[in-house]
Amino acid sequence: MILKGLSRRKTRTLLTLLGVAIAVAAIVSLGALAEGLTIGYEALGTGSGADLLVADADAVDIVFSAVEEEVGERLAGLPGVKEVDRMVYTLAATEDVPYFIVFGYDPDGFAVRRFRIVEGEGLSTRSAPHGGRPLLLGRAAADDLDKQVGDTIRLYETTFRIVGIYETGTPFEDGAAVVTVEDAQRLSGHPHQVNAFLIKLRDLGELDRVRERIERLFPDLTVTRSSDFAENQETLAYTRAFSWAVSFLAVLIGGVGVMNTMLMSVFERTREFGTLRAVGWNRMRVLGLVLGESTLLNGLGGVLGVGLGIAAFKAVSRSPAVSGFLPDTLPPALIVQGLGVALAVGLISGIYPAWWASRLPPAEAMRYEGSAGGRAPRVRVGAAVLRNLLRQPTRSALTMLGIGIAITTMVGMGALADGMIAEIERFVGGANVHLVGMQADASIDLSTIDERIVRRIAALPGVKDAEGFLTGYATVGDLPFFVVFGYPPRGYGIQDFTVVEGEPLTANGQIILGRVAAENLNKRVGETIRIFDRPFRIVGIYETGVPLQDGGGVISLRDAQNLFGQPHKVSFFSVRLEDPEAAQAVKASIESRFPEVMVSESTKFAENVTDLQLTKASTWAIALLALVIGGAGMMNTMGMSVYERTREIGVLRALGWRRSRILGMILRESLVLSLLGGVGGVVAALVLIFLMNQNPTVAGFVKMRFSLDLLVQTLLTAFVLGGLGGIYPAWRASRLQPVEALRYE
Amino acid sequence: MGENDVIVETRNLVKIYGDGAQVRALNGVNMRVVRGEFISVMGPSGSGKSTLLNMIGALDRPTSGQVLVNGQDLGEVRDLDGFRARTVGFVFQLHNLIPTLTARENVEVPMVGQPVGRAERRRRAEELLALVGLADRMDHLPAQLSGGERQRVAIARALANRPSLVLADEPTGDLDSRSGAEIIQLMRRLNRELGTTFILVTHDPAVARQTERVLVMKDGRIVREHHVGTPFEEDLKAFRDSGLGQAILAGDDVARDLLTPEEYEVLLRLLRRIAQ
Ligand SMILES: Nc1ncnc2c1ncn2[C@@H]1O[C@H](COP(=O)(O)OP(=O)(O)OP(=O)(O)O)[C@@H](O)[C@H]1O
Ligand SMILES: [Mg+2]
C-alpha cells in the first residue's frame with residue numbers, strides 16, 4: 001500500500017528521490033574525504049612504528065610544524081628513548097599535481113622501513129644510479145603519474161631520480177613520495193627544521209614518564225602518543241566540520257523537498273484518508289501509513305545516493321591529484337551513516353504531513369474537492385502568476401525555502417571566497433606596489449623564495465625596489481590561526497601597517513599587533529606576547545582595515561625567519577617599478593630569469609594562484625550542489641502544479657491559446673518562484689554575512705565580501721534555476737492534447 | 001438554402017481511439033448545420049456526442065472523413081489554435097473557469113494572444129458579462145459565484161472573440177433544472193440577437209425540446225433527426241399507444257414494477273400532457 005502511494009506520482013517521487021540521493025551522495029563522498037585524511041594522519045602516527053611523536057605545540061597542522069633539528073640529538077640522549085627518527089612532511093607541486101605529498105625520512109631509520117620496496121631499491125643508497133637526488137615513489141603515485149624506477153620526477157624546480165617504488169597499503173602514503181630528510185627540508189624551505197620527531201621507546205611502560213620529561217624540557221613542543229596523533233590535528237577537525245556542514249546543508253534542502261512531496265501527496269489524497277478513517281482505520285494507522293511512505297521514499301533515495309556516492313568516489317579516486325587524500329575503499333560506516341541520515345530525514349520530514357493526515361475529520365475529508373479547484377483562493381490582488389503560486393501556499397513556500405537555502409549558501413560561500421581573495425590580494429599587494437611574486441606552483445601557505453633572488457630582482461632594469469616578506473601561522477592564546485608577518489622594519493611594505501597606538505616596529509624582539517588581535521588577546525602596548533614560546537614586546541597597535549592583517553601581528557623579517565626556521569627565505573615579495581606601464585615587460589623578464597618564481601600584477605594575483613582558484617572552485621561546487629537539489633525541488637513543484645491544472649490547461653487550449661503561450665505561462669511562474677526564493681536567499685545571506693563579520697574570531701580571519709557581481713551572479717543563477725526547473729514542466733504542459741486534458745479527472 | 005449558409009458540415013467522419021482495443025467513437029457521421037441554427041445532439045452515454053463536438057471544434061483530428069466549418073476543411077487549417085480562438089467558442093459542463101481569475105479576467109482569456117488591446121479587452125469582457133446579466137459580478141472569483149452564474153461567465157467567455165459558432169457540451173449537466181432552463185434561454189436569446197450558431201450536447205429532453213433541431217446519436221452514428229414541435233410529440237404519442245404507455249396511464253402494476261417511481265412520475269406527466 002505504501003509503495004502504491006508513492007508510485008502514483010512517478011515523476012514527483014523520482015525528483016524527490018534525486019534530491020535525497022544527491023544529499024546522501026554528498027555525505028558519502030565528503031565523508032570519504034575526511035576519512036581518507038584521518039587514515040593518512042593515522043598512518044603518519046600509529047603506522048610509523050613510533051611510540052611517541054614530538055611536534056610544534058602551536059602549529060595548526062603537522063604540515064606547519066617546525067622543530068629545530070638539534071632537539072633530535074637531545075631527545076635521543078634521554079633515558080628510556082631507544083631511537084629517534086626525523087620526519088619532514090610537505091606538499092610540493094609536480095607535473096599536473098598541485099599538492100603532491102612528500103615525506104622526508106632518515107634512510108636508515110625505523111620509520112622508513114614501513115615503506116615496503118616492491119621495485120628497485122631503498123633510499124639508503126646515498127646517490128642514485130645515473131646520479132640525481134634519490135626518491136621513492138608510492139605505487140599509486142607511480143601508476144597515476146606513469147613513472148618507473150629510473151625515471152626522473154620534478155618537484156618544484158628540483159629534479160629527483162626514482163630509485164624505488166613502495167607500498168604501504170595507505171593511499172595517503174602510496175600516493176606520495178619519500179626523499180631524504182635533507183632534500184625534503186630544501187623542498188619545504190626549512191633547512192634546519194623537521195615537522196616531527198618519531199620516538200621509539202625501550203619500554204612502553206615508561207611512555208608517560210618520557211613524555212612528561214620532554215614536555216618539561218621543551219615547553220614549546222607537544223608530545224603525543226602516536227595513536228592519538230590523528231585526533232589532535234586541527235586540519236582533520238576542520239575537514240570533518242566542513243564535510244558535516246556541507247552534508248547538513250544538502251540534507252536540509254533535500255528534507256524540505258521530501259516534506260513538500262509528502263505534503264502534496266497527503267493533500268491530494270484528503271478524500272482517501274477520509275474513506276480510510278470511515279472504514280475504521282484509526283489515526284495511528286493513517287499516521288503510520290504516511291510516515292512509512294516518507295521513510296521508504298528516503299530509504300530509496302539513500303540507496304540511490306550511496307550508489308552515486310560510490311560512483312563519485314570511484315571516479316575521483318582515479319585522479320592522481322586527490323587519490324592520496326581518499327581511502328582505498330569506501331568505509332562501510334559511511335554507507336550506514338548515509339542511509340541512516342536518509343531514513344531520519346524521511347521520518348522527520350514525514351511527521352508534519354502524517355500528523356496533518358491523521359488529524360483530518362473523516363466526514364469533512366470525504367467531502368474535500370481536491371486541491372485543484374476546491375481550495376479556491378480568496379486573493380484577488382497581484383498578477384495572475386502570483387495568484388497561481390498562491391494556490392498552494394505551503395508548497396510554494398517550501399520550494400522557495402529550498403531555493404532560498406541554496407541561494408544563501410551560494411552567496412555565503414561566494415562572499416567568503418571573495419573576501420579571502422580580496423584580503424590576500426590586499427596583504428600581498430599593499431599600497432603602490434606594482435608586481436607581487438611567490439614561489440611558482442606552490443601553495444600559498446608554503447611559498448618560499450630565497451632572499452637573494454629578491455635582491456637580484458631589485459637590481460633589474462626598470463625596477464625601483466623589491467622587498468620580500470614572510471608570513472606564517474601560529475596558535476597564539478585562543479586564536480588558532482594567528483598570522484605572523486615578517487617585514488624589514490625600515491622597508492616600504494611595513495608602512496601599510498598604520499600604527500595608531502604606541503610606536504612603529506624598529507628592532508628585533510618587537511612586535512606590533514593588529515587592533516583586532518590586540519582586542520581578542522586582550523593585550524596592550526608594553527606587554528609581552530609569546531609565539532612559539534619566544535617572547536615579543538608589543539611596541540605598537542596598528543590598523544589596516546584588512547582583517548587578516550588586523551587579526552595578526554608584524555615582527556621583523558629576521559625574527560620571522562628564525563621563528564619559522566626559514567633563514568634567508570621569504571614567502572612573497574613585492575616590486576615597485578620606475579614606470580608602471582612596464583609591468584608586463586618586467587614580469588616577463590623576472591619569470592624568464594627565475595623560473596622558480598611566479599610574478600603577477602598586484603591586481604591579478606588571485607587569478608594566478610592555484611589555491612585561491614581551488615577555494616573559489618570548491619565554493620562553487622558546494623553552491624552547485626545546493627542548486628541542483630534546489631532545482632530538483634523546483635521542477636517537482638512546477639511539475640505538480642502543471643499536473644493539477646491539466647484540465648485548466650485543456651480549457652485554455654480549447655479557447656485557442658497556443659502552446660507557446662502555455663509554455664510562457666508556466667515558465668513565468670517558475671521564474672517568479674525562483675526569483676522570490678533567490679531574493680529571500682540573498683537577504684538571508686546578507687544577514688548571515690553581517691552576523692559573521694560581527695564575530696571576532698571569524699572577522700579576525702576573513703571579512704566576507706558581498707559585491708554587486710555576486711548579487712548579479714546569484715540572481716542570474718536563481719533565474720537559470722527557475723528556467724531549468726520550469727522548462728520541463730512547461731514543455732509538458734504545452735504538449736498536453738486539449739481533448740485528453742479536458743477528459744482528465 | 002445556399003452553400004454559403006452551411007456553417008458546419010461533416011463528411012463520413014470517423015474517429016477511432018486506441019491501438020489495441022479499438023473504440024469507434026464516430027462511425028461515419030454526416031451532418032450539416034445552417035448558419036444561425038440552434039440545435040442539440042442527444043444520445044446515450046458513449047454514443048460519441050463529445051467526440052463529434054471535439055472534431056467540429058478542432059480540439060482533435062478525425063481518423064478519416066472531413067469537417068468543414070465556414071466551407072473550410074479543418075484538415076487543411078494550419079493554425080488550429082487561431083481557428084479555435086476566432087471561429088468557435090466552447091462551453092463545458094463544469095470546472096471550466098480558471099479559479100484564480102475573476103469573472104472579467106476569465107472572459108478576457110480567449111482574447112489574450114489575439115490582436116485586441118488591453119483596454120478593448122476589458123471593455124468587451126464587461127460588455128459580454130452585462131449581456132449575460134452579470135454586470136454586478138465582474139470582480140468575483142469563480143468560487144464566489146453560483147453554478148448558474150459560473151456557466152454564464154463561461155458563455156460570455158465563449159463569445160469573447162465573436163465566434164460564428166458556439167459548441168456547448170452538456171452546459172446544464174451540473175445545474176438544477178431552473179438554472180439550467182435559464183442558461184438555455186440565455187443561449188437562445190444570444191442566438192437570436194447575435195446570430196451565433198449553437199450546437200448543444202445534452203441528456204435532458206427538456207433542453208433538447210427548446211432547440212430547433214435534435215440529432216440523436218447511437219454507436220457513433222446519427223440515427224435520427226427531429227424537428228422539434230412535431231416529431232417529438234409524435235414519438236410520445238407512439239409511446240402512449242404502446243403497451244407500457246397504456247399501462248402507465250392505467251396505473252397498472254406492470255408499469256410500477258418496470259419503472260422507478262421517478263421515471264413513472266415523469267412519464268405519467270408527459271403522457272397526460274399529450275393526452276390533453
Ligand atoms: N481519448 C479517448 N480514448 C479512448 N477512448 C475514448 C476517448 N474519448 C472517447 N472515447 C470513447 O469513445 C466513445 C465515445 O465517447 P464520447 O465521450 O464521445 O461519448 P459521449 O456521447 O459524449 O458520452 P457521455 O454522454 O457519457 O458524455 C466512448 O466509448 C468512449 O469511451
Ligand atoms: Mg460527453
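Treat the numbers as computed from the prediction; the structure is a model and nothing was measured.

Residues and elements named next belong to chain A. Enumeration according to the criterion identifies nine cavities of 30 Å³ or more in this entry. Each pocket or cavity is described by its volume, and for the largest cavity that value is around 190 Å³. Along the walls of the largest cavity sit 26 residues, with Val256, Gly257, Asn260, Gly633 and Asn636 positioned nearest its centre. Secondary structure elements with two or more residues in the lining of the largest cavity: helix 2 (10-45), helix 8 (234-268), helix 15 (393-429) and helix 22 (610-644). Viewed by domain, the lining of the largest cavity spans two of them, domain 1 (1-43 + 241-368) and domain 3 (404-421 + 611-745), each represented by three or more residues.

Taken together, 15 residues form the shell around ligand 1, and within it Arg743 of chain A together with Ser45, Lys49, Ser50 and Thr51 of chain B come nearest. More than one chain lines the surroundings of ligand 1; the residues nearby belong to chains A and B. A distance of 2.4 Å separates an oxygen atom of ligand 1 from a polar side-chain atom of Ser45 of chain B. Here an oxygen atom of ligand 1 and a side-chain polar atom of Lys49 of chain B are 2.8 Å apart. In isolation ligand 1 offers 630 Å² of accessible surface; the protein chains occlude 73% of this area. For the shell around ligand 1, the elements supplying multiple residues, two or more each, are helix 27 (738-743) of chain A together with strand 2 (23-34) and helix 1 (49-56) of chain B. A per-element tally of the shell around ligand 1 places helix 1 of chain B first, with three residues. Split into classes, the residues belonging to the shell around ligand 1 amount to four nonpolar, seven polar and four charged.

Residues and elements named next belong to chain A. As a packed pair, helix 2 and helix 12 (residues 332-358) sit with axes 9 Å apart at the nearest point and diverge in direction by 150 degrees. Relative to helix 12, helix 2 is oriented roughly antiparallel. Judged by the twist between their axes, the crossing of helix 2 over helix 12 is right-handed. Taking contact as the criterion, the partners of Val20, Val24, Ile27, Val28, Gly31 and Ala32 in helix 2 are, on helix 12, Leu334, Gln337, Gly338, Val341 and Ala342. Grouping the amino acids of the contact of helix 2 with helix 12 by side-chain chemistry returns eight nonpolar, three polar and no charged.

What follows covers the pairing of strand 9 (residues 177-180) of chain A. Residues and elements named next belong to chain A. One ladder, built from four bridges, connects strand 4 (residues 97-105) with strand 9; its direction is parallel. Bridging across to strand 9, Tyr105 finds its partner in Thr180. With two bridges joining them, strand 6 (residues 133-138) and strand 9 adopt antiparallel strand pairing. From the neighbouring strand, Leu137 faces strand 9, where its bridge partner is Ala177.

A separate point is the pattern of salt bridges. Overall, the coordinates contain 42 salt bridges over all chains when judged by the stated rule. Note that Glu669 of chain A is salt-bridged to Arg645 of chain A, the shortest N-O span being 2.7 Å. Of this pair, Glu669 of chain A sits in helix 24 (residues 659-694) while Arg645 of chain A sits in the loop between helix 22 and helix 23 (646-654), and the two are 24 residues apart along the sequence. Here Glu669 of chain A and Arg645 of chain A have matching classes, each one buried. A salt bridge links Arg104 of chain B to Glu108 of chain B; the nearest nitrogen and oxygen atoms lie 2.8 Å apart. Linking Arg104 of chain B with Glu108 of chain B, this pair stays in helix 3 (residues 103-108), spanning four residues, or about one helical turn. The exposure classification of Arg104 of chain B matches that of Glu108 of chain B, with both residues buried.

Moving on to the packing of helix 8 of chain A against helix 22 of chain A. Each packed pair of helices is defined by two parameters, the angle between the axes and the distance between the axes. All names here are of chain A. With their axes 10 Å apart at the nearest point, helix 8 and helix 22 run at an angle of 5 degrees to one another. It follows from the interaxial angle that helix 8 and helix 22 lie roughly parallel. Here Phe242, Val246, Leu249, Ala250, Ile253, Gly254, Asn260, Thr261, Met264 and Glu268 of helix 8 come into contact with helix 22, specifically with Ile622, Leu625, Ala626, Ile629, Gly630, Asn636, Thr637, Met640 and Glu644. Looking at the contact of helix 8 with helix 22 residue by residue, the classes come out as 11 nonpolar, six polar and two charged.

Definitions and limits used
- Residues numbered from 1 in each chain as written.
- Chains lettered and ligands numbered in written order.
- Predicted model: local features only at pLDDT ≥ 70, side-chain atom pairs only at ≥ 80, totals over all residues.
- Heavy atoms only, no water.
- 1 Å grid on protein atoms, 1.4 Å probe; cavity = no way out; pocket = protein on both sides within 12 Å on 5 of 7 lines; lining within 4 Å.
- Points joined across faces, edges and corners; volume = space filled by probe spheres on them.
- Helix = DSSP H or I, 4+ residues; strand = E, 2+ residues; numbered from the N terminus.
- Domains from an automatic or database assignment.
- Near = heavy atom within 4 Å.
- Polar contact = N/O pair within 3.5 Å; in protein donor to acceptor, adjacent residues only side chain to side chain.
- Areas by Shrake-Rupley, 256 points an atom, 1.4 Å probe, with all protein chains shown as cover.
- Nonpolar A, V, L, I, M, F, W, Y, C, P; charged D, E, K, R; others polar.
- Axes fitted to C-alpha atoms, helices over the stretch in contact; angles between N-to-C directions.
- Parallel < 35°, antiparallel > 145°, perpendicular 65-115°, else oblique.
- Left-handed = near helix turned anticlockwise from the far one by under 90°.
- Contact = heavy atoms within 4.5 Å.
- Pairing = 2+ DSSP bridges.
- Salt bridge = Lys/Arg side-chain N within 4 Å of Asp/Glu carboxyl O.
- Buried < 20%, exposed > 50% of the residue type's maximum accessible area, 1.4 Å probe, protein only.

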